[in-house]
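# Architecture at a glance
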Amino acid sequence: MRERPVGPSAFPVIPPLSALRQHSDSNMAVSIAKCLASYVYILLISLIFPHVFADNAVGDSPHRRFEYKYSFKGPHLTQSDGRIPFWIHTGNAIPSSDQIRITPSLRSQKGSVWTKSPVSFEHWEAEVAFRVSGRGRMGADGLAIWFTAGQGLEGPVYGAADQWNGVGIFFDSFDNDGKKNNPAVLVVGNNGKLFYDHQNDGTTQSLGTCLRDFRNKPYPVRAKITYYRKSLSVFINNGFTPDRDDYEFCTRVENMIIPDTGYFGISAATGGLADDHDVLSFLVFRLAEPGQNLPPPEKEIPKEEKDKYQEEFENFQQELDKRKEEFQKEHPDVQGQPIEDLFESVNDREIRQVFEGQNRIHLEIKQLNRQLAMILDEQRRYVSVITEEISKRSSQAQSGQVGCDKCSLKQLAMGQQQGNAGGLGSYETVQHFNDIKEHLHVVKRSIEHIIQKNVVRRDIDIIKLPITPLLKVKCPELPPLTACLSTTHFVVFIVVQSLLFFGYIMYKSQQEAAAKKFF
């Protein structure tokens, strides 16, 4: 056996620690430099060929086209007769100009809205804005968004029919199973043979679910439902911000098979508890895969509907030609003139309306000026007559016949009215007499002012005679007030009221705890 040599050369040479640190630092610097070089290279390629990265980024995003026949939104949501264009509403639904109240906050209410025409899109997307609001801490029952083969106008499933053929997205407000997993959003599919499981809130049949509180939000809650390449995705905007595109992912169902042709709908229902279920907008978009062109809108109109529109247009054209001929017969002097000169333009109409309005205002001001002038003349006549009478009475008072107080002053005014009855007869209209009657209190104030100014200052001794006895008159003393409620009765009343209040609070809490849905 060969012996291993012993000596310095027998052991490996270990480099010093400083050399190892220098080597590791150099390797790290080289790796960082390589990473930076790769990033710079990728950045240069993206700047030189931006379309390559753009195509990769949006290559899977579908093309969208808005479909107005399957949508509605405010502010002109309804027609003059209360109907929704291209939609029908049933049950307790209440359409208005800016929203549709599917159910009011009353017990046991059901309502729904559905498209009139079926939808035959292979891929689609629906954006729904709604509000669910109520005064209670809990609400019921909820709201549902449908795509089914038939119109489920009324039924036990959130106001729509059971055993539907299609898919429903349920916004469940009430906790039936007591698992404290509500409010929640569920996706439930049906082939037309299954009954909805109300007792378990549909959890045994749901294909996807997420917990979202959609009640009493400061802004409308928005739901985006996308069916693309047999995949159904649900996104929710919780309504905390006014940003309409602030969506959060809720759930996705892969390999979802729905009918090729169906109807969109929204329904809601209330039970023992009640909420207001308001839908502000329902927007439908048709989706197409990249590279595929959407069919033109005119090809989607059925032939029967197109013939109907064409017939209406022809009837309208005939009626217009007939009215033109009648106008030419009634106005032969305008024949040969340009058609633009026969009708009033928008600017001419606005100018004419402005001048007519100013003319009416001017006439009203002239009428008011005339009435005010007549009233002032009548007041001057009253003032002159009363001034003469006061001067006569003051002269009589100096000779020893003093008598002037408020009663005589009123009699003087009444006598003056009777004396001037013949003067009033000179006015031909009753309206003038009513104006004088309305402003009589102004005349009385003027009389009091004249009395204080002309009589009190000049003949202070005359005024003292009727005023001095009045100053000496003392008001009778009021009898002592007696307490209408004793302290004992007050304390008993407070105790009874407190007991009734706490009893009502306990009763109300028991009623809310025992409240359940009714279908």
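Residues numbered from 1 in each chain as written. Predicted model: local features only at pLDDT ≥ 70, side-chain atom pairs only at ≥ 80, totals over all residues. Heavy atoms only, no water.

### A look at the state of the cysteines
Going through the model one piece at a time under the given rule, you end up with 1 disulfide. With its sulfur 1.8 Å from that of its partner, C210 forms a disulfide with C250. Taking the torsion about the S-S bond as the criterion, the C210 to C250 disulfide, at about -90°, is left-handed. Taken as a pair, C210 in strand β10 (residues 206–211) and C250 in strand β13 (residues 248–253) lie far apart in primary sequence, 40 residues in all. By relative accessible area, C210 is classed as buried at 8%. (Disulfide = S-S within 2.5 Å. Helix = DSSP H or I, 4+ residues; strand = E, 2+ residues; numbered from the N terminus. Buried < 20%, exposed > 50% of the residue type's maximum accessible area, 1.4 Å probe, protein only.)

### What to know about a negative patch on the surface
Among the surface-exposed residues, D321, E325, E326 and E330 lie close enough to one another that they form a single negatively charged patch. Within the fold, E326 resides in helix α4 (residues 303–330). Exposure remark for E326: the relative accessible area of 41% places this residue in the partly exposed category. (Patch = residues over 30% accessible without salt bridge, like charges linked within 9 Å, V, L, I, M, F, W, Y side chains within 5 Å. Areas by Shrake-Rupley, 256 points an atom, 1.4 Å probe, with all protein chains shown as cover. Salt bridge = Lys/Arg side-chain N within 4 Å of Asp/Glu carboxyl O. Lys, Arg positive; Asp, Glu negative; His and termini not counted. Charge placed at Lys NZ, Arg CZ, Asp CG, Glu CD.)

### So, the confidence of the model for the chain
On average, the chain scores 78 in pLDDT, and the residues at 70 or more come to 67%. The low-confidence segment residues 1–15 (pLDDT under 50) makes 3 contacts with residues lying over four places distant or belonging to another chain. For residues 460–473, every residue scores under 50 in pLDDT, and the model assigns this stretch 10 contacts once sequence neighbours within four places are set aside. (pLDDT = per-residue confidence, 0-100. Contact = heavy atoms within 4.5 Å.)

### Thoughts on a nonpolar patch on the surface
On the surface, a nonpolar cluster with roughly 580 Å² of combined accessible area is contributed by F490, V491, F493, I494, V495 and L499. For L499, a relative accessible area of 61% gives the class exposed.

### Let's talk about the packing of aromatic side chains
Throughout the structure, instances matching the rule amount to 21 aromatic pairs. Measuring from ring centre to ring centre gives 5.3 Å for W124 and F147, while their planes differ by 35°; the resulting arrangement is tilted. Here W124 is found in strand β6 (residues 124–133), whereas its partner F147 is found in strand β7 (residues 142–148), with 23 residues between them in sequence. The buried category is assigned to F147, whose relative accessible area is 2%. Between F171 and F214, the aromatic rings sit 5.6 Å apart at their centres with planes inclined by 90°, giving edge-to-face as the arrangement. In this pair, F171 sits in strand β8 (residues 165–172) while F214 sits in the loop between β10 and β11 (221–228), placing the two residues 43 residues apart along the sequence. Across the pair, exposure class does not vary: F171 and F214 are buried alike. Ring-pair connections join several aromatic residues into one group, and the members of that group are F72, W87, W124, F147, Y227, F264 and F282. (Phe/Tyr/Trp six-rings, centres within 6.5 Å; stacked < 30°, edge-to-face > 60°.)

### Quick notes on the nonpolar core
Membership of the largest hydrophobic core comes to 42 residues, with the highest contact counts inside it found for F72, W124, I169, F171, L232 and F282. The contact partners of F171, leaving out residues within four places of it in the chain, are F130, D141, G142, L143, I145, A184, V185, F214, A223 and I236. Grouped together as the second largest cluster of nonpolar side chains are 13 residues, A144, Y158, Y196 and Y263 included. (Core = buried A, V, L, I, M, F, W, Y, C linked by side-chain atoms within 4.5 Å.)

### Considering the UniProt feature "transmembrane region" (unreviewed entry) in the chain
Sites flagged by UniProt as "transmembrane region" (unreviewed entry) map to residues 488–507. For residues 488–507, helix accounts for 100% and strand for 0%, while the C-alpha atoms at its two ends are 29 Å apart. (UniProt positions renumbered as here; feature names shortened; annotations may be inferred.)

### Regarding the sheet that holds strand β14 (residues 263–269)
Across the sheet, 7 strands lie side by side as β2-β5-β14-β7-β8-β9-β10; this open sheet has antiparallel pairing. The open sheet has two edge strands with one neighbour each: β2 (87–91) and β10. Pairwise comparison of adjacent strand axes, ignoring direction, gives a mean angle of 15° for this sheet. Two strands pair when backbone bridges link them, and β7 and β14 are joined in this way by 7 bridges, in the antiparallel orientation. Bridging from a neighbouring strand, F147 pairs with F264 of β14. (Pairing = 2+ DSSP bridges. Axes fitted to C-alpha atoms, helices over the stretch in contact; angles between N-to-C directions.)

### Section: the pattern of salt bridges
Scanning all chains against the criterion turns up 15 salt bridges. The residue R65 makes a salt bridge to E67 at a minimum N-O spacing of 3.3 Å. According to the relative accessible area criterion, E67 is buried, its value standing at 8%. The residue E378 makes a salt bridge to R381 at a minimum N-O spacing of 3.7 Å. Of the two residues, E378 and R381 both sit in helix α6 (residues 346–398), 3 residues apart, roughly one turn of that helix. Owing to a relative accessible area of 2%, E378 belongs among the buried residues under this scheme. Taken together, the salt bridges that share partners define one network made up of R64, E125 and E127.

### Here's the deal with the environment of V113
With respect to the secondary-structure elements, V113 resides in strand β5 (residues 110–115). Residue V113 is classed as buried on the basis of its relative accessible area of 1%. Between the C-alpha atom of V113 and that of S267, which follows or precedes it by 154 residues, the distance is 6.5 Å. In this structure, V113 is in contact with I84, W87, I88, H89, I100, I102, F264, G265 and I266, ignoring residues within four places of it in sequence.

### Things to note about unusual backbone geometry
In this model, G74 is joined to P75 through a cis peptide bond whose omega is 10°. Looking at the element boundaries, P75 is found in the loop between β1 (63–73) and β2. Following N182, the chain continues into P183 via a peptide bond in cis, with omega recorded as 0°. Structurally, P183 is set in the loop between β8 and β9 (184–191). For N216, which is not glycine, the phi dihedral falls at a positive 55°. On the secondary structure map, N216 appears in the loop between β10 and β11. The exposure class assigned to N216 is partly exposed, which follows from its relative accessible area of 40%.

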